[in-house]
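# Topology and contacts: notes
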Amino acid sequence: PSKVIYNTLVELYLHEIRNENDTKSSLTKLMQLLKDHEDKYDADHCLILCQMNDCRPAILYLYEKASLYPQILNYHIQHDDYENIVDVCKKYGAGNTSLWLQALKYFGSKEGECKSNIKDILNYIELRNLLPPLA
């Protein structure tokens, strides 16, 4: 089958999620399609569709599948999701230290409400020696 068919199916599931009371069923179907048929749809096209429909689980799955870790972090930053910002850094930050710097910059811009997050991040970085000390 053509990728166009699977792309259209993704679009249909997103439409159902947007317009249905029982979104869990359609979301389950969408996520199953994305995970089980990776080579049958256009990932970039589907990512755009999911972004247009703000389908969080699908967006994050497609970002992760494409190793777009900075975009995962940006997604959580845009949604002020403090816990997941730190979790993304812990999960992917060993291989991409810029994630830690981006998280520190974000929390630093929050004017005091994130002191514990900053402290946690700095401790994590120091314990694992992820970044050189600041001079």
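Presented here is an overview of the structure given in this document. Because the structure is a prediction, the values reported are computed rather than measured. (Residues numbered from 1 in each chain as written. Predicted model: local features only at pLDDT ≥ 70, side-chain atom pairs only at ≥ 80, totals over all residues. Heavy atoms only, no water.)

Below, the discussion takes up the pattern of salt bridges. All chains considered together, the criterion is met by 3 salt bridges. Its salt-bridge partner being Arg56, residue Asp81 comes within 2.9 Å of it at the nearest N-O pair. With Asp81 in the loop between helix H5 (69-78) and helix H6 (82-92) and Arg56 in helix H4 (residues 56-65), this pair connects stretches of sequence that are 25 residues apart. Under the relative-accessibility criterion, Asp81 is labelled buried at 17%. Judged by relative accessible area, Arg56 falls into the partly exposed class, the value being 31%. (Salt bridge = Lys/Arg side-chain N within 4 Å of Asp/Glu carboxyl O. Helix = DSSP H or I, 4+ residues; strand = E, 2+ residues; numbered from the N terminus. Buried < 20%, exposed > 50% of the residue type's maximum accessible area, 1.4 Å probe, protein only.)

This brings us to helix H3 (residues 43-52). By the burial criterion, the buried members of H3 are Cys46, Leu47, Leu49 and Cys50. The arc that holds the buried residues of H3, viewed along the axis, is 160 degrees, so those residues lie on one side. Away from its buried face, by an angle of more than 90 degrees, H3 presents the exposed residues Asp44 and Met52. Packed against the buried residues of H3 are helix H1 (3-19) and H4. (Arc of directions from axis to C-beta. Contact = heavy atoms within 4.5 Å.)

Here we come to the packing of H1 against H3. Where H1 meets H3, the axes come as close as 10 Å, and the angle between the chain directions of the two elements is 15 degrees. The orientation of H1 with respect to H3, classified from their angle, is roughly parallel. The interaxial crossing formed by H1 with H3 has right-handed handedness. Together, Asn7, Val10, Glu11 and Leu14 of H1 and His45, Cys46, Leu49 and Cys50 of H3 make up the contact between the two elements. For the contact of H1 with H3, a count of residues per class yields 5 nonpolar, 2 polar and 1 charged. (Axes fitted to C-alpha atoms, helices over the stretch in contact; angles between N-to-C directions. Parallel < 35°, antiparallel > 145°, perpendicular 65-115°, else oblique. Left-handed = near helix turned anticlockwise from the far one by under 90°. Nonpolar A, V, L, I, M, F, W, Y, C, P; charged D, E, K, R; others polar.)

This part covers the side chain of Asp81. One polar contact links Asp81 to Asn84, side chain to side chain, over a distance of 2.6 Å. In this view, Asp81 contacts Arg56 and His76; residues no more than four positions away in its chain are not counted. (Polar contact = N/O pair within 3.5 Å; in protein donor to acceptor, adjacent residues only side chain to side chain.)

Let's shift gears to the environment of Glu38. Within the secondary structure, Glu38 sits in the loop between helix H2 (23-36) and H3. Distance from Glu38 to Tyr6, taken between C-alpha atoms, is 9.9 Å for residues 32 residues apart in sequence. Beyond its immediate sequence surroundings of up to four residues, Glu38 is in contact with Tyr61 and Lys65. A distance of 2.9 Å separates the side chain of Glu38 from the side chain of Tyr61, its partner in a polar contact.

Counted by the stated rule, this structure contains 5 aromatic pairs. When the centroid spacing of 5.6 Å and the interplanar angle of 75 degrees are considered together, the rings of Tyr82 and Phe107 count as edge-to-face. Here Tyr82, found in helix H6, pairs with Phe107, found in helix H7 (residues 98-108); they are 25 residues apart in sequence, far enough to count as distant. We classify Phe107 as buried; its relative accessible area is 1%. The interplanar angle of 25 degrees and the centroid separation of 4.9 Å between the aromatic rings of Trp100 and Tyr124 together place this pair among those described as stacked. Remark: Tyr124 occurs in helix H8 (residues 115-128) and Trp100 occurs in helix H7; sequence separation between them is 24 residues. Both residues of the pair, Trp100 and Tyr124, belong to the buried class. (Phe/Tyr/Trp six-rings, centres within 6.5 Å; stacked < 30°, edge-to-face > 60°.)

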